[in-house]
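One-letter residues, chain by chain:
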Amino acid sequence: MRKATLTELNEQYKDCPSRVTEYKVNGKNFIVKSHFVGNKDLNKVLYNMAFNKAMTEILDNVG
């Protein structure tokens, strides 16, 4: 299975909502273009992130 090229991805997701945000890090400007594709359950994603972070912190302190 081959990976899609950047051009193919741009064409595939051209109709999806996007956002452009500019960040300044250590005096350098970075422009990030975010494409919002697919469906995710935000509650599930945030729960998993919090759970994994908590488990990592607990396990790092054991031993």
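Residues numbered from 1 in each chain as written. Predicted model: local features only at pLDDT ≥ 70, side-chain atom pairs only at ≥ 80, totals over all residues. Heavy atoms only, no water.

(A) Geometry of the overall build of the protein. Counting its regular elements, the protein contains two helices and two strands. Taken from the N to the C terminus, the helices and strands of the protein come in the order α-β-β-α. For 63 residues, the compact-globule estimate of 2.2 N^0.38 gives 11 Å, and the protein exceeds it by more than 25% at 18 Å. In the protein, which comprises 63 residues, the share counted as buried stands at 0%. Of the roughly 6,400 Å² of accessible surface on the protein, 56% is carried by carbon and sulfur atoms. Both charge centroids of the protein, one from 10 positive and one from 7 negative side chains, sit 4 Å from each other. (Helix = DSSP H or I, 4+ residues; strand = E, 2+ residues; numbered from the N terminus. Rg over C-alpha atoms; globule rule 2.2 N^0.38 Å. Buried < 20%, exposed > 50% of the residue type's maximum accessible area, 1.4 Å probe, protein only. Areas by Shrake-Rupley, 256 points an atom, 1.4 Å probe, with all protein chains shown as cover. Lys, Arg positive; Asp, Glu negative; His and termini not counted. Charge placed at Lys NZ, Arg CZ, Asp CG, Glu CD.)

(B) Region of interest: the pairing of strand S2 (residues 28-35). Counting buried positions along S2 yields zero of eight residues, so the element is predominantly exposed. Note: strand S1 (residues 18-25) against S2, eight bridges, orientation antiparallel. Paired with Lys24 across the strands is Asn29, a residue of S2. Hairpin connection from S1 to S2: two residues lie between these consecutive antiparallel strands, with Asn26 at a positive phi of about 50°. (Pairing = 2+ DSSP bridges.)

(C) A look at a nonpolar patch on the surface. Taken together, the side chains of Tyr47, Phe51, Met55, Ile58, Leu59 and Val62 make up a nonpolar region of the molecular surface, amounting to roughly 620 Å² of accessible area. Along the chain, Tyr47 falls in helix H2 (residues 42-61). The exposed category is assigned to Tyr47, whose relative accessible area is 54%. (Patch = residues over 30% accessible without salt bridge, like charges linked within 9 Å, V, L, I, M, F, W, Y side chains within 5 Å. Salt bridge = Lys/Arg side-chain N within 4 Å of Asp/Glu carboxyl O.)

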